[in-house]
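Residue-level structure breakdown
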Amino acid sequence: MFMSTSSRKLEHMQLCAQQQVESRKAGPGFKDVKLVHRALPEMDMDSMDISTSFLGKKLDAPFMIASITGGHPDTTPVNAALAEAAEETGIGIGVGSQRAAIEDTVQEESFSVVRDKAPNAFVYGNIGAAQVKEYGIEGAEKLVEMLDADALAVHLNFLQEAIQPEGDRDATGCIGAIEEICSIDVPIIVKETGAGISREDALLLKEAGVAAIDVGGAGGTSWAGVEVYRAKQRGDRISGHLGELFWDFGIPTIPSLIECRVSLPLIATGGVRTGIDIAKSLAIGANLASAALPFVAPALKEGDSVKQRLELMFEELKVAMFLCGCPDIESLRTSSSVVLQGETLEYLDQRGFDIRDIELRSKLL
């Protein structure tokens, strides 16, 4: 039995809030990145500046609330809570796939509420690569207009599509469709949803004209895992088996960040849970970090829960920067020292990367 897009979006959100859907074995790689401590940071932590800019928009912290939900009336208050927190903390926010609103205009409010509650925030829309082929430039422009969006994200989720019974498994023509919509008036971000992006695909995306890449690496929410729970509810043996087998499939976040260093702005998503994770992401080469899962449960609670979680992460980031002797985000990205080790280093070696040749600076030697 196939669900409507709207019902499926609500089910996805509920499962993420109620079940263990994170990676079981494959971590995002943050444990392999060691920030080098500066015992003499020679700076005043209280004068630290964690603001940055991304695609022409100033953010008060190098972070975005990643795409979570929308597309069902019950998701409207969740997006409202997330957007209010983004506005109050001065960060960016994305919405879940707007496909449901294209199929049923009644669902538009569950997305447009984000701009209503966050009039000054960096807001990005979201649609799947498979739908881009169908909707084209006109459809993309409608999605942007729905949110008065600052950018549009095209998500790549073919791992999930391959497992779920409603999935669109035709991945042909996606890069051409992405290239076509890069002509619209807002930047196009291409984002994976938990399996990472390789260098080969990063180069294709750069050539297509995208403005930024969100690596969406393995190690955070597993959408194959989400599909396991859905399969159990339906008694779907095949989807359940596939979801279990591919639960941890993909390129972890840190290796994917290194794979995607192709002179485009990068967003580190996938298992980002603390301010230290944010600091490590930026020290490796990301421009921003983002996360979704940590904010689902808080968004279902009373007003300030999401804001409080964000503020805690940003305090953690400040402490990490202070202990690395970095007074601002630019110094964290260009001057901080890190040591790369473990499975990430082994992965890069097996992939044929020489860290001295991929513009990672001498700090990774």
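Just so it is clear, the model here is predicted, and its values are computed rather than measured. (Residues numbered from 1 in each chain as written. Predicted model: local features only at pLDDT ≥ 70, side-chain atom pairs only at ≥ 80, totals over all residues. Heavy atoms only, no water.)

With that out of the way, let us pick up the environment of Thr 69. Positionally, Thr 69 belongs in the loop between strand E4 (63-65) and helix H2 (76-89). Overall, Thr 69 belongs to the buried group, its relative accessible area being 3%. If we skip the residues at most four places from it in the chain, Thr 69 touches Lys 9, Met 13, Thr 75, Val 78, Asn 79, Val 95, Gly 96 and Phe 111. (Helix = DSSP H or I, 4+ residues; strand = E, 2+ residues; numbered from the N terminus. Buried < 20%, exposed > 50% of the residue type's maximum accessible area, 1.4 Å probe, protein only. Contact = heavy atoms within 4.5 Å.)

Once that is clear, we can look at helix H14 (residues 305-323). In a regular helix each residue adds 1.5 Å, so 19 residues correspond to 27 Å; H14 covers 28 Å between its end C-alpha atoms and thus fits that length. Those residues of H14 that fall on the buried side of the exposure criterion are Ser 305, Val 306, Leu 310, Met 313, Phe 314, Leu 317, Ala 320 and Met 321. Gly 325 lies just past H14 and shows a positive phi near 75°. (Expected span 1.5 Å × (residues − 1).)

Its location among the elements puts Ser 67 in the loop between E4 and H2. Within polar-contact distance, the side chain of Ser 67 engages the backbone oxygen of Val 95 at 2.9 Å. Within the structure, the side chain of Ser 67 is placed 3.3 Å from the side chain of Asn 126, a separation counted as a polar contact. For Ser 67, the residues in contact, after removing those within four places along its chain, are Gly 94, Val 95, Gly 96, Tyr 124, Asn 126, Lys 191 and Ala 292. (Polar contact = N/O pair within 3.5 Å; in protein donor to acceptor, adjacent residues only side chain to side chain.)

Attention now moves to the packing of helix H12 (residues 275-284) against H14. Two elements in contact, H12 and H14, have axes whose closest approach is 7 Å; the angle formed by their N-to-C orientations is 55°. In terms of orientation, H12 and H14 fall into the oblique class. Crossing geometry of H12 relative to H14 is assigned as right-handed. Between H12 and H14, the contacting residues are Gly 275, Ile 276, Ile 278 and Ala 279 on the first element and Met 313, Glu 316, Leu 317 and Ala 320 on the second. When its residues are assigned to classes, the contact of H12 with H14 shows 6 nonpolar, 1 polar and 1 charged. (Axes fitted to C-alpha atoms, helices over the stretch in contact; angles between N-to-C directions. Parallel < 35°, antiparallel > 145°, perpendicular 65-115°, else oblique. Left-handed = near helix turned anticlockwise from the far one by under 90°. Nonpolar A, V, L, I, M, F, W, Y, C, P; charged D, E, K, R; others polar.)

Where empty space is left can be seen by rolling a probe of water-molecule size over the atoms. In this structure, the largest pocket spans a volume of roughly 300 Å³. Taken together, the elements giving at least two residues each to the lining of the largest pocket come down to helix H7 (174-181) and helix H8 (199-208). Tallied by class, residues from the lining of the largest pocket come to 12 nonpolar, 3 polar and 2 charged. Here the second largest pocket defines a volume of roughly 180 Å³. In terms of lining residues, the second largest pocket is bounded by Lys 25, Ala 26, Gly 27, Gly 29, Lys 31, Asp 32, Pro 252, Pro 255, Glu 343, Thr 344 and Tyr 347. (1 Å grid on protein atoms, 1.4 Å probe; cavity = no way out; pocket = protein on both sides within 12 Å on 5 of 7 lines; lining within 4 Å. Points joined across faces, edges and corners; volume = space filled by probe spheres on them.)

Under the defined criterion, the tally for this structure stands at 20 salt bridges. Across the salt bridge formed by Lys 31 and Asp 32, the nearest N and O atoms sit 3.3 Å from each other. Of the residues examined, Lys 31 reaches a relative accessible area of 52% and is grouped as exposed. Across the salt bridge formed by Lys 307 and Glu 311, the nearest N and O atoms sit 3.9 Å from each other. In this pair, Lys 307 and Glu 311 are both assigned in helix H14, 4 residues apart and thus about one turn of the helix distant. (Salt bridge = Lys/Arg side-chain N within 4 Å of Asp/Glu carboxyl O.)

Attention now goes to the nonpolar core. Counting 112 residues, the largest nonpolar core has Phe 63, Ile 65, Ile 213 and Phe 295 as the members making the most contacts within it. Element by element, the count of residues in this core is highest for helix H5 (residues 129-147), at 8 residues. Discounting residues that sit within four places of it in the chain, Ile 65 has contacts with Leu 82, Ala 86, Ile 91, Gly 92, Ile 93, Gly 94, Tyr 124, Ala 291, Phe 295, Val 306 and Leu 310. (Core = buried A, V, L, I, M, F, W, Y, C linked by side-chain atoms within 4.5 Å.)

The strands making up a sheet associate through backbone hydrogen bonding, with each pair oriented either parallel or antiparallel. One closed barrel holds the 8 strands; their spatial order is E4-E5-E6-E7-E8-E9-E10-E11, and the pairing between them is parallel. Strand-to-strand, the axes of this sheet are offset by a mean angle of 25°, without reference to chain direction. The pairing of strand E8 (residues 188-192) with strand E9 (residues 212-214) spans 3 bridges and is classified as parallel. The residue of E9 that forms the bridge with Ile 189 is Ala 212. In the packing of H5 onto the sheet, contacts are made with strand E6 (123-128) and strand E7 (151-156), and the angle to E6 comes to roughly 155°. (Pairing = 2+ DSSP bridges.)

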